[in-house]
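# Observations on the model geometry
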Amino acid sequence: MTGEDPGPLVRLFGLTGGRARPLGESFDLVAIVTTVSTSFPPSDLIPEHLAVLSVCRRPTPVADVAAHLKLPLNITRVILGDLRREGLVTIDRPQPAAQAIDERIYREVLHGLRRL
Amino acid sequence: MDYAASEPGVAEVTPAMALKILIAGGFGVGKTTMVGTISEIRPLHTEELLSERGVGVDDTSGVELKTTTTVALDFGRITIREGLWLYLFGTPGQDRFWFMWDELAVGALGAVVLADTRRLQECFPAVDYFEQRGLPFVVAVNCFDGARRHDPVKVRRALGLDGVAPIVLCDVRNRESVKDVLATLVTYAVGGPFNDPLPPTPTPSHSHASPT
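The notes below deal with the structure included here. Keep in mind the model is a prediction, meaning the values are calculated, not measured.

### As for the overall build of chain A
Looking only at helices and strands, chain A features six helices and three strands. Helices and strands appear in chain A in the N-to-C order α-β-α-β-α-α-β-α-α. The buried share of chain A, reckoned over its 116 residues, is 48%. Excluding contacts between residues fewer than 6 apart, the proportion of contacts in chain A whose partners are at least 24 apart in sequence is 74%.

### So, the overall build of chain B
Assigned secondary structure in chain B consists of six helices and seven strands. Ordered by position in the sequence, the α and β elements of chain B form the string α-β-α-β-β-β-α-β-α-β-α-β-α. Scored against the burial criterion, the 212 residues of chain B give a buried share of 46%. Counted over contacts in chain B with a minimum sequence separation of 6, partners at least 24 positions apart contribute 71%. Carbon and sulfur atoms make up 53% of the accessible area of chain B, which amounts to about 11,200 Å² in all.

### Description of the packing of helix H2 (residues 47-55) of chain A against helix H3 (residues 62-69) of chain A
All names here are of chain A. One way to put it is that H2 packs onto H3 with a least axis distance of 10 Å and a crossing angle of 130°. In terms of their interaxial angle, H2 and H3 are classed as oblique. Relative to H3, H2 is oriented so that their crossing is right-handed. For the pair formed by H2 and H3, the contact residues are Glu48, Ala51, Val52 and Val55 on the first element and Val65, His68 and Leu69 on the second. Along the lines of polarity and charge, the residues of the contact of H2 with H3 split into five nonpolar, one polar and one charged.

### A look at the sheet that holds strand S3 (residues 89-92) of chain A
Pairing between sheet strands relies on hydrogen bonds along the backbone, with the strands arranged either parallel or antiparallel. All names here are of chain A. Within the open sheet, the three strands sit side by side as S2-S1-S3. Their pairing is antiparallel. The sheet is open, and its two edges are formed by strand S2 (60-61) and S3, each paired on a single side. Pairing analysis gives two bridges linking strand S1 (residues 32-35) to S2, with the strands arranged antiparallel. Bridge pairing links isoleucine 32 to proline 61 in S2.

### A few points about helix H4 (residues 124-133) of chain B
All names here are of chain B. Those residues of H4 that fall on the buried side of the exposure criterion are Ala126, Val127, Tyr129 and Phe130. When H4 is viewed along its axis, its buried side chains cluster within an angular range of 165° and face the same direction. Just past H4, the residue glycine 134 takes up positive phi, approximately 70°.

### Some points on the packing of aromatic side chains
Residue and element names in this part refer to chain B. Evaluated as defined, the whole model comprises seven aromatic pairs over all chains. Between tryptophan 101 and phenylalanine 130, the aromatic rings sit 5.6 Å apart at their centres with planes inclined by 25°, giving stacked as the arrangement. Note that tryptophan 101 is positioned in helix H3 (residues 98-105) and phenylalanine 130 in helix H4, a separation of 29 residues in sequence. With a relative accessible area of 4%, tryptophan 101 lands in the buried category. Given a relative accessible area of 0%, phenylalanine 130 falls into the buried group.

### Regarding the pattern of salt bridges
Enumeration according to the criterion identifies 13 salt bridges over all chains in this entry. With a closest N to O distance of 3.4 Å, Arg104(A) and Glu108(A) form a salt bridge. With Arg104(A) and Glu108(A) both in helix H6 (residues 103-115) and four residues apart, this pair spans about one turn of that helix. Looking at Arg104(A), the relative accessible area reads 45%, which means it is partly exposed. Arg119(B) is paired through a salt bridge with Asp116(B); the nearest N and O atoms lie 3.2 Å apart. On the basis of relative accessible area, Arg119(B) is assigned to the partly exposed category, the value being 28%. Through salt bridges with shared partners, a single network forms among Asp116(B), Arg118(B), Arg119(B) and Glu122(B).

### Details of unusual backbone geometry
Even without glycine at this site, Lys70(A) takes up a positive phi of about 55°. On the accessibility criterion, Lys70(A) (74% relative accessible area) is exposed.

### Some points on the pairing of strand S4 (residues 84-90) of chain B
All names here are of chain B. The buried fraction of S4 is high, at seven of seven residues. Of the two faces of S4, the one lined by Leu84, Leu86, Leu88 and Gly90 and the one lined by Trp85, Tyr87 and Phe89 are each fully buried. Where strand S1 (residues 17-25) meets S4, seven bridges bridge the pair, whose relative direction is parallel. Residue pairing across strands places leucine 19 opposite leucine 86, the latter belonging to S4.

Thresholds applied
Residues numbered from 1 in each chain as written. Chains lettered and ligands numbered in written order. Predicted model: local features only at pLDDT ≥ 70, side-chain atom pairs only at ≥ 80, totals over all residues. Heavy atoms only, no water. Helix = DSSP H or I, 4+ residues; strand = E, 2+ residues; numbered from the N terminus. Buried < 20%, exposed > 50% of the residue type's maximum accessible area, 1.4 Å probe, protein only. Contact = heavy atoms within 4.5 Å. Areas by Shrake-Rupley, 256 points an atom, 1.4 Å probe, with all protein chains shown as cover. Axes fitted to C-alpha atoms, helices over the stretch in contact; angles between N-to-C directions. Parallel < 35°, antiparallel > 145°, perpendicular 65-115°, else oblique. Left-handed = near helix turned anticlockwise from the far one by under 90°. Nonpolar A, V, L, I, M, F, W, Y, C, P; charged D, E, K, R; others polar. Pairing = 2+ DSSP bridges. Arc of directions from axis to C-beta. Phe/Tyr/Trp six-rings, centres within 6.5 Å; stacked < 30°, edge-to-face > 60°. Salt bridge = Lys/Arg side-chain N within 4 Å of Asp/Glu carboxyl O.

Just distances and angles here, no functional claims.
See the structure below:
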């Protein structure tokens, strides 16, 4: 918890081959990740990759994927970038909120909040 | 028997969408508590790993982050319905992590700036930041147990707010209170009753340039 121990960091970067940035187009913390259905996912996937494919059968925001994996966000993003490159997941760019929030969504959000 | 508006399959076609709300404010003001009060999940604590390359920050102290470090990021979730989520991100308190705010703020619906009137100055940086970015925000004055009730007008004056951003009193431990804060923000962000009658600058608002 002190941040002094380099061990976990070394392990985490091992998951990404030392990379700190995902391949390809950048994506947001709440971009929606969806597993592409394939009958035969590659057999050489590491457990973290398989976990992502399992979680994202239901469209799941990046931040939630990180939470499921218990991994830092940018490590998660490298993993997601790899899976996208392999064509195993799609990552949708979220619309800017100002455009995404139309009247209907706004009402839904307000009603949703009141229901809590 | 007009079912025109509810064709079968329409709900499935609606793309999944996640909206971001930032919770900012000084250290210890109650950001994590607020997220925990309203989140349907225990606030998820994730640590962002920063490498040298990841640190593109103007650090006025001149201290460069040469080593890998982590910054904690707490977030919570509210499911409005399947495929529509509200995410609350507690912003990192330290100034050297401003660049993370930049990322969090992109596309965000808005922000809640939590204020403690005993240490009001601690929320100035957040207020400045969101004003500069043009991100809608509300100031939520956290009324701790025993703390005196504060007059929002005085808080507004102390913060030098231009009279646009709503100021609400709240108790971050109280669910109804947090709901009120978020509802106020959502209403304000979509141009509700708090809409600013004066447009800031006549910049073209129809640019659909995709983010880099």
